Amino acid sequence: MSDTADVRPEVPPEVLATVRTKHRALWALGNYPAVAAEVVPALGPILVEAAGVRPGDRVLDIGAGSGNAAIPAALAGGRVIASDLTPELFEAGREIAAARGVELTWAEGDAHALPYDDGSFDTVLSCLGVMFAPFHRTAADELVRVVRPGGTIGLVAWTPDGFIGQMFAAMRPYAPAPPPGAQAAPLWGDERHVRGLLGDRITDVRAEVRSLPVTRFATAAEFRDFFKAVYGPTIAVYQNIADDAARTAELDAALLDLTNRFQNTDGAMGWEYLLFTAHRR
């Protein structure tokens, strides 16, 4: 697929501004650094290794949160900018980086409009980050734009059919309506979708669906209550139906049912994700 074959109109600036405000507030809800530290800490180092970050590389982590990938990239010797729409997440990241003895730059930035020149980075990473930018083509164009020719793109995203993809599907009927033109986040976990977004601007694609072992939750209720307390998207959905006790109970039951279907008898789960790397042509 050619990157010029599917020309789409740009997202209006006023729509991007509204989305930016809402998404910043969404990810400031709860305590996402707890999710990163207690549930998915392995994903950042996996992505950094797959992307082959080397000492001296200029690295941008898009949707960096509290540094799940950015800090391992700095530990590998990269000169790292951790970019995120929600700077409230940076305090936890700075504390982790200091404890691990590395320095990196923390910078507020929107994946739809990155504040960097073309070809500024040797490696552009996103670990469960860019997937939540709702205008996928716009975000993909920015991702490609800021990596140099021959540079590396590395992505980790939840798959549509895996546990988290199915969690979002279960929450969708209870969530606020998305903005016109928005696409579902777990599509970034579909290799065909990502290849379609990046088109012929990339080469040397490596894509692998893997499973993240998750042993943090002994029961389905423990998972549900943890995500209701700390995970921004889940909190926002429950806020949307807070005045409707029946719908709240329905969603409670749906999340319990989903988790029970994925959990083993000992509480362990496997959360499916796509690990995708490529070079800019």
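Scroll up a little and you will see the structure.
These lines cover the structure that appears in this document, whether it is placed above or below. Just so it is clear, the model here is predicted, and its values are computed rather than measured. The residue numbers shown here count from 1 along each chain, following its written sequence. Totals for whole chains, interfaces and linings use every residue, but because this is a predicted model, local features are given only for residues with pLDDT of at least 70 and side-chain atom pairs only at 80 or more, for both listing and counting. Hydrogen atoms and water are omitted, and side-chain values are computed over all heavy atoms in the structure.

1. Observations concerning the sheet that holds strand 2 (residues 79-84)
Pairing is mixed across the open sheet formed by seven strands, whose spatial order is 3-2-1-4-5-7-6. Each edge of the open sheet carries a strand with a single partner, namely strand 3 (105-108) and strand 6 (202-214). Strand after strand, the sheet turns through a mean of 20° between neighbouring axes, direction not considered. Two elements, strand 4 (residues 121-127) and strand 5 (residues 147-158), share six bridges in a ladder whose sense is parallel. Paired with L125 across the strands is G154, a residue of strand 5. Sitting on the sheet, helix 5 (residues 90-100) touches strand 2 and strand 3, and the angle it makes with strand 3 is about 170°. The sheet contacts of helix 6 (residues 136-146) involve strand 1 (58-62), strand 4, strand 5 and strand 7 (269-280), and relative to strand 5 the element is tilted by about 140°. Two strands are counted as paired when DSSP detects at least two bridges linking them. The numbering of helices and of strands both runs from the N terminus, where a helix is a DSSP run of H or I of at least 4 residues and a strand a run of E of at least 2. Throughout, an axis means a line fitted to C-alpha atoms (over the contacting stretch in the case of helices), and angles, computed between N-to-C directions, take values from 0 to 180 degrees. It only takes one pair of heavy atoms within 4.5 Å for two residues to be counted as in contact.

2. Thoughts on the pairing of strand 5
Burial status follows relative accessibility: with a 1.4 Å probe on protein chains alone, a residue under 20% of its type maximum counts as buried, one over 50% as exposed, and anything between as partly exposed. By the criterion of burial, strand 5 is predominantly enclosed, with nine of the 12 residues buried. Looking down the strands as they point away from the viewer, one classifies a crossover as right-handed if the path from the first strand across the helix to the second runs clockwise. A crossover links strand 4 with its parallel partner strand 5, the connecting element being helix 6, and its sense is right-handed. Bridge count between strand 5 and strand 7: seven bridges; the pairing is antiparallel. Of the residues in strand 7, the one forming a bridge with I153 is A278.

3. Thoughts on the packing of aromatic side chains
The aromatic pairing rule takes the rings of Phe, Tyr and Trp, using the six-membered ring of Trp, and pairs them if the centres are within 6.5 Å, calling planes under 30 degrees apart stacked, those over 60 edge-to-face and the rest tilted. All told, the structure shown has 20 aromatic pairs when counted by the stated rule. Where F217 meets F227, the ring centres are 6.4 Å apart and the plane angle is 75°; that geometry is what we call edge-to-face. Of this pair, F217 sits in the loop between strand 6 and helix 9 (220-230) while F227 sits in helix 9, and the two are 10 residues apart along the sequence. What makes F217 buried here is its relative accessible area of 1%. Their ring planes at 85° and their centres at 6.0 Å tell us that F223 and W271 sit as a pair that is edge-to-face. Linking F223 in helix 9 with W271 in strand 7, this pair joins segments that are 48 residues apart in sequence. Residue classification places W271 among the buried positions, given a relative accessible area of 1%. Throughout this description, the term charge over a ring refers to an Arg CZ or Lys NZ atom that lies within 6 Å of the ring centre and within 35 degrees of the ring normal. R216 extends its terminal NZ or CZ atom over the ring of F226, reaching a point 4.6 Å from the ring centre.

4. As for the nonpolar core
Residues L104, W158, M167, F227 and W271 are the most contacted members of the largest nonpolar core, which totals 89 residues. When residues of this core are assigned to their parent elements, the largest contribution, seven residues, is made by strand 7. Setting aside residues no more than four positions away along its own chain, W158 makes contact with V40, L43, L128, M131, I164, G165, P186, G189, L212, W271, E272 and Y273. Grouping buried Ala, Val, Leu, Ile, Met, Phe, Trp, Tyr and Cys residues that are joined through side-chain atoms within 4.5 Å yields what is termed a nonpolar core.

Distances and angles like these do not, on their own, reveal function.
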